[in-house]
Amino acid sequence: PRNQSGKRPSRKAVAGGLEVADAYAKAVVDGGVVANLRIRAQAARYLEARRTDAWDGQRLARLLEHSRKVYGWELMPWAVWAFAHLVAWRNADQPAARFVVLQVARGVGKTQMAAMLASWTVEEAARDGRKNCEVVVLATQMDKAALVQERIREAMGEETEWEFYGGKMSDVGA
């Protein structure tokens, strides 16, 4: 099956949300998933944080559902694990992690993940009654950042209330 952009979706993560992230982290720590020392150390820290810190699995579940419904994607377990850090790990009512650095090979869906996260963030803000949410996409080149905008526009359609600035999407701010 292909998603809305005509590309094949990633391999399916078997269970839901935090369970997928937990299983991935355990497999990394146990050696079932090949990973370097830094990833193994982070997986161990993640598992410890899962035991001791607050996590909102519903936020992650909503993001995964958004990726399925809007983008037609089932995220791979490593991507669910990365998103768990960003959206499910909580410190009071605020995110415990403010950023995640992803350094992965070409063609594994980084641009698609950025589009999913950006559009979900705006929808989540609207769901919470917040208005005028702003998402900024940075890249090494304007064309790369514009790709995220293009993916959002493809997935969300032309009838959205989104405003895009810069890049190929508009001449405002360019």
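None of the values given here were measured: they were computed from a predicted structure. (Residues numbered from 1 in each chain as written. Predicted model: local features only at pLDDT ≥ 70, side-chain atom pairs only at ≥ 80, totals over all residues. Heavy atoms only, no water.)

Caption draft 1: Molecular detail of helix H6 (residues 142-156). Taking 1.5 Å per residue, 15 residues should reach 21 Å; H6 reaches 21 Å between its end C-alpha atoms and fits that length. Listed in full, the buried residues belonging to H6 are Ala145, Ala146, Val148, Gln149, Arg151, Ile152, Ala155 and Met156. Residues of H6 that are buried sit in contact with helix H3 (57-71) and helix H5 (110-127). Immediately beyond the C-terminal end of H6, within one or two residues, lies Gly157, with a positive phi of roughly 90 degrees. (Helix = DSSP H or I, 4+ residues; strand = E, 2+ residues; numbered from the N terminus. Expected span 1.5 Å × (residues − 1). Buried < 20%, exposed > 50% of the residue type's maximum accessible area, 1.4 Å probe, protein only. Contact = heavy atoms within 4.5 Å.)

Caption draft 2: Highlighting the sheet that holds strand S1 (residues 54-55). Spatially, the three strands line up as an open sheet ordered S1-S2-S3, and their pairing is antiparallel. Two strands lie at the open edges of the sheet, namely S1 and strand S3 (94-95), each paired on one side alone. Of the strand pairs in this sheet, S1 and strand S2 (residues 89-91) are connected by two bridges, and their pairing is antiparallel. Paired with Ala54 across the two strands is Arg90, which belongs to S2. (Pairing = 2+ DSSP bridges.)

Caption draft 3: Molecular detail of the environment of Trp55. Relative to the helices and strands, Trp55 resides in strand S1. Under the relative-accessibility criterion, Trp55 is labelled buried at 15%. In this structure, the C-alpha to C-alpha distance between Trp55 and Leu18, residues 37 residues apart in sequence, is 8.7 Å. Among all residues touching Trp55, those that are not within four sequence positions of it are Leu18, Tyr46, Ala49, Arg50, Ala84, Ala88 and Trp89. A distance of 2.9 Å separates a polar side-chain atom of Trp55 from the backbone oxygen of Ala49. (Polar contact = N/O pair within 3.5 Å; in protein donor to acceptor, adjacent residues only side chain to side chain.)

Caption draft 4: Representation of the confidence of the model for the protein within the structure. With 82% of its residues at a pLDDT of 70 or more, the protein shows a mean pLDDT of 81. Put simply, S3 is where the protein has its lowest mean pLDDT, 74, and helix H1 (residues 17-30) is where it has its highest, 96. For residues 7-15, every residue scores under 50 in pLDDT, and the model assigns this stretch 25 contacts once sequence neighbours within four places are set aside. Counting contacts from residues 169-174, a segment whose pLDDT is below 50, to residues more than four positions away or on other chains yields eight contacts. (pLDDT = per-residue confidence, 0-100.)

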